[in-house]
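Chain by chain, the residues:
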Amino acid sequence: MGTQIKARSFTRADRREFRTKVQACLAALDRMLRDGAFTDARERPEPLLGMEIEFNLVQDDMEPAMCNLEVLQAIDDHAVFQTELGQFNVEMNVDPGPFAGDSVLDIENSLRESLRRADTRMHRQDAQLVMIGMLPTLELAHLDRERITANPRYEALNEQIFAARGEDIELDLDGVPLPGRDGAAEQLRADANSVVPEAACTSLQLHLRVAPEDFAEHWNAAQCLAGVQVALAANSPFLAGKALWHESRIPLFAQATDTRTQELKNQGVRPRVWFGERWIDSVTDLFEENSRYFPALLPEVSEVDPLAELDAGRTPVLRELQMHNGTIYRWNRPVYDVADDHPHLRLENRVLPAGPTVLDIMANAAFYYGALRALVDADVPLCRFMSFDAARENLGIGAKYGLDARLYWPGLGWVGADELVLRRLLPMADAGLTAFGLSQQARDRYLGIIEGRCLNRQTGAAWQRAQVVEREDAGADRRTALHGMMRDYIRNMLSGKPVHEWPLGAV
């Protein structure tokens, strides 16, 4: 949800003072790193699996349910479920748990229980929680300004993005032809008068606490994996009745929060949804880039002097640094935080869509953490053999084509995403999870799902696309096909079976 704010508008003086405070926060962070303020994390920290899951809300007729505040009131668990930008979204925070032995299975069971309890409490609402990267029944009319959740942060963010841009946001996506269909790809061309299209992009966000001296190698490795992750987990193929990318979240999120006019793009101004442009040597590289390249969107200034806090022997919150960092949407984002008066750094992985099932989510998380650990533990970093441009290109190709993508990987060249996972990355992920201490039972459970998905070549996106084609070939129009597909999607989601086992025929 992001750091909350009180102000709804900002002055020119606010912006200058905020810039000064961000620099003070950076100076405080640099001093903390030099003085060993993170000494409790100097040894490799105990691995904890932390995640946030964003959900869509749908009515019984499969239309989006614009009632997130009422749903949250019914669930009545504010520590776990919170608002998101769109009235048809909520977010779930999963308590971090140990990533060793069979404890990850307890996290899976806890997640299921939280969802069961939420479903029971919201039964009086005409709404259903759906884990999906993009709700196929969303139309452009659902994405206007009136659909922003009543919250000062969201309202101010919308105002500031449009103030910076000075014109409507352009949505411009060329899709991938549906299976068995000849002719040109479908296109989405539209103007948006709000940032609500961002809310159409619902994700799974994975967190890993990392010692400062290990952060750069973790971030570089995560960047190498990003394209494979989205290809393997694609679950966002439809929006506004159009068949777009397998993982349309990636381009749509970038466009929905773009503060640049075409002229600024032509000048090479960097986008706020950013893969980055180079491998890094330190976590400070990322925070310094943020302050150097991006003007503040929510320049609310606190009265706390971070350097004075350090002088007094206290741990500074670095609020301005956190606020600024929260409005720059790196696909792998650094996070500074304080828990129990101890500072720590987290790597937030943001490339994955939500869903389709709890089991798929857990498998996606296990694959990421395992492959990441294996890359970090390697004798020579993978980024020594892979250009940054190749990693960035992989993200776009993986998002567009899913498991049909051909990705670049050192030592293999251009290879199918499914083959890359089966031949190279699954054994690496198993070795990484073993190094974390995960049990054989847990490794087999989750990595077996990844293997099955590659062998069946069925992601959430592939299943959705095939279902719509089947319904349209039987005579349904696109709207009817999407609504029917969504009913079957929810039935399969509630069954708990991983998506590679979902039947292709209508339920």
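Residues numbered from 1 in each chain as written. Predicted model: local features only at pLDDT ≥ 70, side-chain atom pairs only at ≥ 80, totals over all residues. Heavy atoms only, no water.

Heads up, the rule is: UniProt positions are given in the numbering used here, feature names are shortened, and annotations may be inferred rather than shown by experiment.
The protein chain carries the name Glutamate--cysteine ligase in an unreviewed UniProt entry, which gives Rhodococcus ruber BKS 20-38 as its organism. Per UniProt, the protein chain has the following entry under Catalytic activity (unreviewed entry): "L-cysteine + L-glutamate + ATP = gamma-L-glutamyl-L-cysteine + ADP + phosphate + H(+)".

Considerations on unusual backbone geometry
Applicable threshold: Working definition: helices are DSSP H or I runs of at least four residues, strands are E runs of at least two. Numbering for both runs from the N terminus. Here the term buried applies to any residue with accessible area under 20% of the maximum for its type, exposed to any over 50%, and partly exposed to those in between, with areas from a 1.4 Å probe on protein chains only.
Residue Gly355 is joined to Pro356 through a cis peptide bond whose omega torsion reads 0°. Tracing the backbone through its elements, the reader meets Pro356 in the loop between strand E13 (342-353) and helix H11 (358-377). Look at Ala240: it is not a glycine, yet its phi comes out positive at around 55°. In this structure, Ala240 sits in the loop between strand E8 (238-239) and strand E9 (242-243). For Ala240, a relative accessible area of 13% translates into the label buried. Residues other than glycine seldom take positive phi values, yet Asp340 does so here, at roughly 55°. Among the secondary structure elements, Asp340 is positioned in the loop between strand E12 (332-339) and E13. Using a relative accessible area of 73% as the deciding quantity, one classes Asp340 as exposed.

What to know about the pattern of salt bridges
As a reminder of what qualifies: In the sections that follow, a salt bridge refers to a side-chain nitrogen of Lys or Arg positioned within 4 Å of a carboxyl oxygen of Asp or Glu.
Taken as a whole, this structure holds 37 salt bridges when the rule is applied. Close ionic contact of Arg112 with Glu108 constitutes a salt bridge, the shortest N to O distance being 2.8 Å. Placement of the pair is Arg112 and Glu108 together in helix H3 (residues 103-121), with a separation of 4 residues, close to one helical turn. Looking at Arg112, the relative accessible area reads 30%, which means it is partly exposed. A relative accessible area of 3% means that Glu108 is categorised as buried. Between Arg453 and Asp360 there is a salt bridge, with the nearest N and O atoms lying 3.0 Å from each other. Placement of the pair is Arg453 in helix H14 (residues 440-456) and Asp360 in helix H11, with a sequence separation of 93 residues.

A word on the pairing of E12
Heads up, the condition is: By this definition, two strands are paired if DSSP reports at least two bridges between them.
As paired elements, E12 and E13 share 8 bridges and run antiparallel to each other. Residue pairing for E13: Asp337 is matched across the bridge by His344. Turn length for the E12-E13 hairpin, with the two strands adjacent in sequence and antiparallel, is 2 residues, and the turn residue Asp340 shows positive phi of about 55°.

Observations concerning helix H4 (residues 152-165)
Our working rule: Given the number of residues in a helix, its expected span is that number minus one, multiplied by 1.5 Å. Contacts were defined at the residue level, with two residues in contact if any of their heavy atoms lie within 4.5 Å. In the analysis that follows, any N or O atom pair within 3.5 Å is treated as a polar contact, provided that within protein one partner can donate a hydrogen and the other can accept it, and provided that, for residues neighboring in sequence, both atoms belong to side chains.
A rise of 1.5 Å per residue sets the reference length of H4, with its 14 residues, at 20 Å; its end C-alpha atoms lie 20 Å apart and thus fit the reference within 8%. All of the buried residues in H4 are Arg153, Tyr154, Ala156, Leu157, Asn158, Gln160, Ile161, Phe162 and Arg165. On its buried face, H4 is in contact with helix H1 (12-35), strand E2 (81-83), strand E5 (169-174), strand E6 (187-192), helix H10 (319-325) and strand E11 (329-330). With a side-chain oxygen positioned 2.8 Å from the backbone nitrogen of Arg153, the residue opening H4 is Asn151. Gly166 sits one or two residues past H4 and shows a positive phi near 80°.

Describing the side chain of His142
Locating His142 in the fold gives a position in the loop between strand E4 (128-130) and H4. What makes His142 buried here is its relative accessible area of 13%. Beyond its immediate chain neighbours, meaning those up to four positions away, His142 contacts Glu63, Pro64, Met66, Phe88, Thr137, Arg147 and Val196.

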